[in-house]
Amino acid sequence: MASVSLKGIYKKYPGNVVAVSDFNIEIKDKEFIILVGPSGCGKSTTLRMIAGLEEISDGELYIGDRLVNDIAPKDRDIAMVFQNYALYPHMTVFENMAFGLKLRKVPKDQIAKKVEEAAKILDIAHLLDRKPKALSGGQRQRVALGRAIVREPQVFLLDEPLSNLDAKLRAQMRTEISKLHKRLGTTFIYVTHDQTEAMTMADRIVVMKDGFIQQVDTPNNLYQHPVNQFVAGFIGSPQMNFIDSKLLKVDGKYVIEFGTEDTKETRGVKYTVEVPEAKADEKLLEPLVGKEVVLGIRPECIHDEEMFISSAKTGVIDTTVEVAEMMGAETYLYLNCVGIQMTARVSPRNNVRPQDKIKVAIDPNRIHIFEKDSEKAVIN
């Protein structure tokens, strides 16, 4: 098994196109790391550089203690699982799984033993005589994983391996891959654009945007303490609400104000959320008093229950329901508050209908504050 170290890695294409910039991370032995981000952020390019399928333009890549920048993919002791499975259609499942071992001139009895062991782990032992076209998407994915397992690599690289599967099978395969990681005790580096996969499977997540690392942290820390607005919006579903606001100081307390401006025709509608003492860090907030900020609040921290609204001293707002999505165990309410769009995740017990006018309460203990220009998190 091995650690993986990326030091100042860049990928530049002709025409001064930079796909990955100054990528630095130390991946521990046996760690499950997931690279996540929108399409075109550089996550698959980074994975392909680790595999040796893309040349590194600048920086150093170590697998274990070995510098592998100039080492061929076949000699890096890694195995890659692709999005499209990349199985040979004319070969049986057994032959597909055994192919890499045959190339390495591994004795036949050893090949048979390794393939059968991997097939048993993945529950595909009964499929060894079938061709890929006779398999479902989930079975093909297991064969692709089996082909990687038999090689007993130091590092597994997985490039969006579940994106071609339906939702139910994807959830099942997430569990299978997590179990597989624990069973094999190998370093896994996994790429996905699906933040649910990242949140449920990873030891640590690398959030990327435009070729740059935005934040590397545990799933819980990313969710609770995002470093900027991009991470806050990318992690979590439905995504965090962002409200353009102003930070004020009233009677010695920090208050976030949002709403509409006064005009000749109408008086403005203003709502306020008081920053609780536990979050009111004077050093961070004082320079922002009187300035525009962005208030962040997750959908589950906007409450429509009467007990929250009646006990709230601050952050109660009037909204109109635009859409109510019944999700079974919860309901998503898409709300309009003086032209500000927000989403609330509430109990399905409340039979709210579109166009209903309802009060909701923002939980002040769960607010996030971001700088308007830099989008950096000030308070989490």
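Residues numbered from 1 in each chain as written. Predicted model: local features only at pLDDT ≥ 70, side-chain atom pairs only at ≥ 80, totals over all residues. Heavy atoms only, no water.

### Digging into the sheet that holds strand 18 (residues 340-346)
Reading across from one edge, 15-19-16-17-18 is the order of the five strands in this open sheet, with antiparallel pairing throughout. Both outer strands of the open sheet, strand 15 (302-303) and strand 18, are each paired with one neighbouring strand and no more. Note that strand 16 (residues 316-326) and strand 17 (residues 331-337) share six bridges and pair antiparallel. Bridging from a neighbouring strand, T320 pairs with N336 of strand 17. (Pairing = 2+ DSSP bridges. Helix = DSSP H or I, 4+ residues; strand = E, 2+ residues; numbered from the N terminus.)

### Describing the layout of surface pockets
Here the largest pocket defines a volume of roughly 510 Å³. Lining the largest pocket are 18 residues; nearest its centre among them are M80, F82, G100, R147 and R151. Counting only elements with at least two residues in the lining of the largest pocket, the list comes to strand 6 (78-81), helix 2 (93-103) and helix 4 (137-149). Residue classes in the lining of the largest pocket are distributed as 13 nonpolar, one polar and four charged. Empty space within the second largest pocket amounts to approximately 270 Å³. (1 Å grid on protein atoms, 1.4 Å probe; cavity = no way out; pocket = protein on both sides within 12 Å on 5 of 7 lines; lining within 4 Å. Points joined across faces, edges and corners; volume = space filled by probe spheres on them. Nonpolar A, V, L, I, M, F, W, Y, C, P; charged D, E, K, R; others polar.)

### A short note on the packing of helix 2 against helix 4
How two helices pack is summed up by the angle between their axes together with the distance between the axes. As a packed pair, helix 2 and helix 4 sit with axes 7 Å apart at the nearest point and diverge in direction by 30°. By the angle between their axes, helix 2 is roughly parallel relative to helix 4. Considering the relative orientation of helix 2 and helix 4, their crossing is right-handed. Contacts from V93, N96 and M97 in helix 2 reach V143, G146 and R147 in helix 4. For the contact of helix 2 with helix 4, a count of residues per class yields three nonpolar, two polar and one charged. (Axes fitted to C-alpha atoms, helices over the stretch in contact; angles between N-to-C directions. Parallel < 35°, antiparallel > 145°, perpendicular 65-115°, else oblique. Left-handed = near helix turned anticlockwise from the far one by under 90°. Contact = heavy atoms within 4.5 Å.)

### Focus: the packing of aromatic side chains
Tallied over the full model, the rule gives seven aromatic pairs. Relative to F188, the ring of F32 lies with its centre 5.3 Å away and its plane at 45°, an arrangement referred to as tilted. In this pair, F32 sits in strand 3 (residues 32-36) while F188 sits in strand 8 (residues 187-192), placing the two residues 156 residues apart along the sequence. The exposure class of F32 is buried, given its relative accessible area of 1%. By relative accessible area, F188 is classed as buried at 1%. Members of the aromatic cluster, joined through ring pairs, are F32, F156, F188 and Y190. A cation over an aromatic ring shows up here: K12 above the ring of Y10, its NZ or CZ 5.0 Å from the ring centre. For the cation-ring pair, R298 lies above Y223, with the distance from its terminal atom to the ring centre recorded as 3.9 Å. (Phe/Tyr/Trp six-rings, centres within 6.5 Å; stacked < 30°, edge-to-face > 60°. Buried < 20%, exposed > 50% of the residue type's maximum accessible area, 1.4 Å probe, protein only. Lys NZ or Arg CZ within 6 Å of the ring centre and 35° of its normal.)

### Here we look at the environment of L335
Locating L335 in the fold gives a position in strand 17. L335 sits in the buried class, given a relative accessible area of 0%. In sequence terms L335 and D318 are 17 residues apart; their C-alpha atoms lie 9.5 Å from each other. The contacts of L335, once residues within four sequence positions are left out, are T319, T320, V321, I340, Q341, M342, A344, I358 and V360.

Read these as geometric descriptors, not functional statements.
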